[in-house]
Amino acid sequence: MASTTNPSTTNGIPELPALSERIRNAADICVMIIYFVVVMAVGLWAMLKTNRGTIGGFFLAGRNMAWWPMGASLFASNIGSGHFVGLAGTGAASGIAVSAFESHALLLLLVLGWFFVPIYIKAGVMTMPEYLKKRFGGKRLQIYLSILSLFTYMVLIISADIFSGAIFIKLALGLDLYLAIFILLALTAVYTITGGLTSVIYTDTLQAAVMLVGSFILMGFAFTEVGGYDSFREKYMNAIPSVIEGDNLTTSSSCYTPRADSFHIFRSAETGDIPWPGTVFGMVITASWYWCTDQIMVQRCLSGKDLSHVKGACIMCGYLKLLPLFLMVMPGMISRILYTDMVACVVPSECVKHCGVEVGCTNYAYPTLVLQLMPAGLRGLMLSVMLASLMSSLTSVFNSASTLFTMDLYTKIRKKASEKELLIAGRLFVLVLIVISILWVPIVEVSQGGQLIHYTESISSYLGPPIAGVFFLGIFCKRVNEQGAFWGLMVGLVMGLIRMIAEFSYGTGSCVSPSYCPKIICGVHYLYVAIIIFSVSILVILGVSLLTKPIPDVNLYRLCWSLRNSKEERIDLDAEDKWQEEAEDNAEEDHLEKSRGCLRKAYDFFCGLQKTGPKLTKDEEEALEKKLTDTSEKPFWKTVMNINAIIVLAVAVFFYGYFA
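Every value quoted in this text rests on a predicted model; they were computed, and no experiment measured them. (Residues numbered from 1 in each chain as written. Predicted model: local features only at pLDDT ≥ 70, side-chain atom pairs only at ≥ 80, totals over all residues. Heavy atoms only, no water.)

Moving on, we get to the overall build of the chain. Along the backbone of the chain there are 31 helices and 0 strands. Looking at the chain residue by residue over its 660 residues, the buried ones come to 55%. Considering only contacts in the chain between residues 6 or more positions apart, those separated by 24 or more positions represent 81%. Of the roughly 27,900 Å² that the chain leaves accessible, carbon and sulfur atoms contribute 65%. (Helix = DSSP H or I, 4+ residues; strand = E, 2+ residues; numbered from the N terminus. Buried < 20%, exposed > 50% of the residue type's maximum accessible area, 1.4 Å probe, protein only. Contact = heavy atoms within 4.5 Å. Areas by Shrake-Rupley, 256 points an atom, 1.4 Å probe, with all protein chains shown as cover.)

Applying the stated criterion across every chain yields a total of 3 disulfides. Here Cys517 connects covalently by a disulfide to Cys522, the sulfurs 1.9 Å from one another. In this structure the cystine formed by Cys517 and Cys522 twists about its S-S bond by roughly 60 degrees; its chirality is therefore right-handed. Note on Cys517: relative accessible area 8%, which makes it buried. (Disulfide = S-S within 2.5 Å.)

This part is about the pattern of salt bridges. Under the counting rule described, the total for this entry stands at 13 salt bridges. Residue Asp28 is joined to Arg379 by a salt bridge in which the shortest nitrogen-to-oxygen separation is 3.0 Å. Here Arg379 lies in helix H21 (residues 378–413) and Asp28 lies in helix H3 (residues 26–49), a separation of 351 residues in the sequence. For the pair shown, Asp28 and Arg379 are each scored as buried. Across the pair Glu102 and Lys321 runs a salt bridge whose closest N-O atoms are separated by 2.2 Å. Taken as a pair, Glu102 in helix H7 (residues 100–103) and Lys321 in the loop between helix H16 (307–320) and helix H17 (324–338) lie far apart in primary sequence, 219 residues in all. (Salt bridge = Lys/Arg side-chain N within 4 Å of Asp/Glu carboxyl O.)

Our focus in this paragraph is the side chain of Asp261. Note on placement: Asp261 falls in the loop between helix H13 (229–237) and helix H14 (276–293). Polar side-chain contacts of Asp261 include one of 2.8 Å to the side chain of Arg259. (Polar contact = N/O pair within 3.5 Å; in protein donor to acceptor, adjacent residues only side chain to side chain.)

Turning to the packing of aromatic side chains, a few remarks are in order. Under the defined criterion, the tally for this structure stands at 26 aromatic pairs. Measuring from ring centre to ring centre gives 5.0 Å for Phe84 and Tyr366, while their planes differ by 55 degrees; the resulting arrangement is tilted. In this pair, Phe84 is assigned in helix H6 (residues 81–94) and Tyr366 in helix H20 (residues 365–373), connecting sequence segments 282 residues apart. Each member of the pair, Phe84 together with Tyr366, is buried. Between Phe266 and Tyr656 the ring centres are 6.1 Å apart and the planes differ by 20 degrees, which places this aromatic pair in the stacked class. Taken together, the residues span a long stretch of sequence, with Phe266 in the loop between H13 and H14 and Tyr656 in helix H31 (residues 635–659) at a distance of 390 residues. Of the residues examined, Tyr656 reaches a relative accessible area of 15% and is grouped as buried. Counting every residue linked through ring pairs, the aromatic cluster contains Phe115, Phe116, Tyr120, Tyr131, Phe471, Phe472, Phe476 and Trp561. (Phe/Tyr/Trp six-rings, centres within 6.5 Å; stacked < 30°, edge-to-face > 60°.)

Next up on the list: the nonpolar core. Within the largest apolar cluster, 188 residues are counted, with the highest numbers of intra-cluster contacts made by Leu112, Tyr120, Tyr131, Phe232 and Phe471. The contacts of Tyr120, once residues within four sequence positions are left out, are Val125, Met128, Tyr131, Cys292, Thr293, Val298, Leu302, Phe471 and Ile475. Grouped together as the second largest cluster of nonpolar side chains are 7 residues, Ile244, Cys255, Val346 and Val512 included. (Core = buried A, V, L, I, M, F, W, Y, C linked by side-chain atoms within 4.5 Å.)

Buried within H13 we find Ser231, Phe232 and Tyr236. Buried residues of H13, viewed axially, fall in a sector of 125 degrees; they line one side. Those residues of H13 that are exposed and aimed more than 90 degrees away from the buried face are Asp230 and Glu234. (Arc of directions from axis to C-beta.)

Quick look at unusual backbone geometry now. Phi at Arg558 takes a positive value of approximately 65 degrees, unusual for a residue other than glycine. Here Arg558 is to be found in the loop between helix H27 (526–547) and helix H28 (575–594).

By the element assignment, Ile244 lies in the loop between H13 and H14. When the C-alpha positions of Ile244 and Glu350 are compared, they lie 9.3 Å apart, and in sequence the two are 106 residues distant.

Right, let's talk about the environment of Gly312 for a bit. As for its position among the elements, Gly312 is in helix H16. With residues up to four places along the chain from it excluded, the contact list for Gly312 reads Trp67 and Met641.

Let's shift gears to a nonpolar patch on the surface. A cluster of nonpolar residues, Phe266, Trp276, Val280 and Phe281, forms a patch on the protein surface that exposes about 370 Å² of accessible area. Within the secondary structure, Val280 sits in helix H14. (Patch = residues over 30% accessible without salt bridge, like charges linked within 9 Å, V, L, I, M, F, W, Y side chains within 5 Å.)

For the rest of this paragraph, the subject is the packing of H16 against H31. Packing of H16 against H31 leaves a shortest axis separation of 10 Å and a crossing angle of 20 degrees. One way to sum up the angle between H16 and H31 is to call them roughly parallel. Read as a crossing pair, H16 and H31 show a hand that is left-handed. Counted together, Ser308, Lys311, Gly312, Ile315 and Tyr319 of H16 and Trp637, Lys638, Met641, Asn642, Asn644, Ala645, Ile647, Val648 and Val651 of H31 form the full contact between these two elements. Classifying every residue of the contact of H16 with H31 by side-chain character gives 8 nonpolar, 4 polar and 2 charged. (Axes fitted to C-alpha atoms, helices over the stretch in contact; angles between N-to-C directions. Parallel < 35°, antiparallel > 145°, perpendicular 65-115°, else oblique. Left-handed = near helix turned anticlockwise from the far one by under 90°. Nonpolar A, V, L, I, M, F, W, Y, C, P; charged D, E, K, R; others polar.)

On to helix H19 (residues 348–355). Residues of H19 that are buried include every one of Pro348, Glu350, Cys351, His354 and Cys355, and no others. Buried residues of H19, seen end-on, are gathered within an arc of 155 degrees and therefore sit on one face of the element. Among the residues trailing H19, Gly356 stands out with phi positive, at a value near 85 degrees.

With 82% of its residues at a pLDDT of 70 or more, the chain has an overall mean of 81. When mean pLDDT is compared element by element in the chain, H27 scores highest at 97, while helix H4 (residues 55–60) scores lowest at 34. Contacts for the low-pLDDT stretch residues 1–12, under 50 throughout, to residues beyond four places or in other chains number 25 contacts. Scored below 50 in pLDDT, residues 51–61 shows 24 contacts in the model against residues more than four places distant or in partner chains. (pLDDT = per-residue confidence, 0-100.)

Further remarks concern the packing of helix H25 (residues 482–506) against H27. What describes two packed helices is the angle between their axes and the distance between those same axes. Contact geometry for H25 and H27: axes closest at 7 Å, N-to-C directions at 155 degrees. In this view, H25 runs roughly antiparallel relative to H27, as classed from their interaxial angle. Crossing of H25 against H27: the hand is right-handed. Touching Gln483, Gly484, Ala485, Trp487, Gly488, Val491, Gly492, Met495, Gly496 and Arg499 of H25 are Tyr526, Val529, Ile532, Ile533, Val536, Ser537, Val540, Ile541, Val544 and Ser545, all from H27.

Structure follows, in structure tokens:
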């Protein structure tokens, strides 16, 4: 069978050892060292500049963040090496439609800033399980969300991040994938211990700025290499690998020929790899789960000076989320043009030769572009940014996982556990989490035809919709109660697990070697599955709630949209548990403070582990509560934010209209 190839795409195919030689120069190594030192210095400066020795500094700094570092942190917390690897890889394989996973965030960020965050602030909560406990009462929703969060950390965040970061190290240093993973985790441990990431928002801001600058520079080099945008479109449609037969396999032309709709976001509902109903509805559901109910994203919004700053941060991040199409997806497509035989390989033996994986090498599109096109110095800077953002993400996840396990689960088993016991339990659990995540990496590597972004989005589609449904109805429908929320979550979870377990059991296959999973289970696109699970969960939540006793309004003041402006005193459903916890904390406070020596206090200070702070007077407690639950805005800035929201929506309409 003949193949159509561009001569420039078949020459100079990079081998892994050759790529690793490119990073071994003084300029790149010096830049990487300097970058890590600067990031740690910024984190240390941000930690020390906070005046934690006074009442106001210690307790009120939590809501004192301006819109621009908050917006940059939202973006940097979301974008990591997994996005550079996954978006570029799927872009190389099938075109620009994958960018909708990112651009959809623009709409959901407005929903977060205008609807969800005001309720979270008025509720006076700091975590999402805490909101569920206040809104619905009981403990099982809080425990369920904690367990599910730990599971998603393992199979979705940690394993995918470890895999994508290891790809960069593997290419840069020419190492085995699992040796690269070990080095990555060791670096993460050092990065955490030094205290350089104690003030995450400031380091996120620095990393977001460098990430954007480096990505723009690489995009410029990439487009220059292919001769501009028009030439890029023409060459991509002709980027076909030179080896399309072998291994006694019959390869369909659709497996190695770029899709005819490669430059369209909305694709056929039946034959599209990302069908338009899934883009319009399914992506919105999974994005609402991630952006509006995820602890990491919401926590950043809760740190804002006031609601106008929160809205400004959401608008800023929304604009930034339009950039991945140009900074990641299109460079990935250019990588297919320049290194066709590697990035677009279709014969398993050829793929193994290029990247060691049978199902395909699209995940290597962006790292290869960085190492091949970037000049010395800038190449080291880009690799530093990728690894630093990844380690920042892993550190946050490890801390969140440790906290969730010890405070929401371990304390239910060991109610009188000492501080030392909780500390040891949390650290040991993180080790278990890391081991399980590493064992999960082989599944990530071959899942969804070797395309990382489809793996992460499919898992989100199976696990996220029920949670999105519970939070959506919990805020906008006061009739929903705990029984409805719980059974809606359970039914949705069972439906999602049936599909997920079937995919892991049979494998998702690839274009060359399709999966044998029964069509009735795996034959439906994962974005359609998200729509089905969300719809069924909503019906179950509403049905069970209407058949059971409603929650009195006195327990719901300022916890749902219709009662958001009520001034009456709320009686929290978790008031009794809260009183017991405060009594236990007060009883232990003096003992804990006396048991600390000078060295322990110094260690706690630099690691940010202080458990207790200065005692508040009654007036200060009232002032603190008022500040933490205040959603008032100055009329001028409220109008400015609303006008900007309309402009953002207009930009989104143009964006989708142009690329649809």
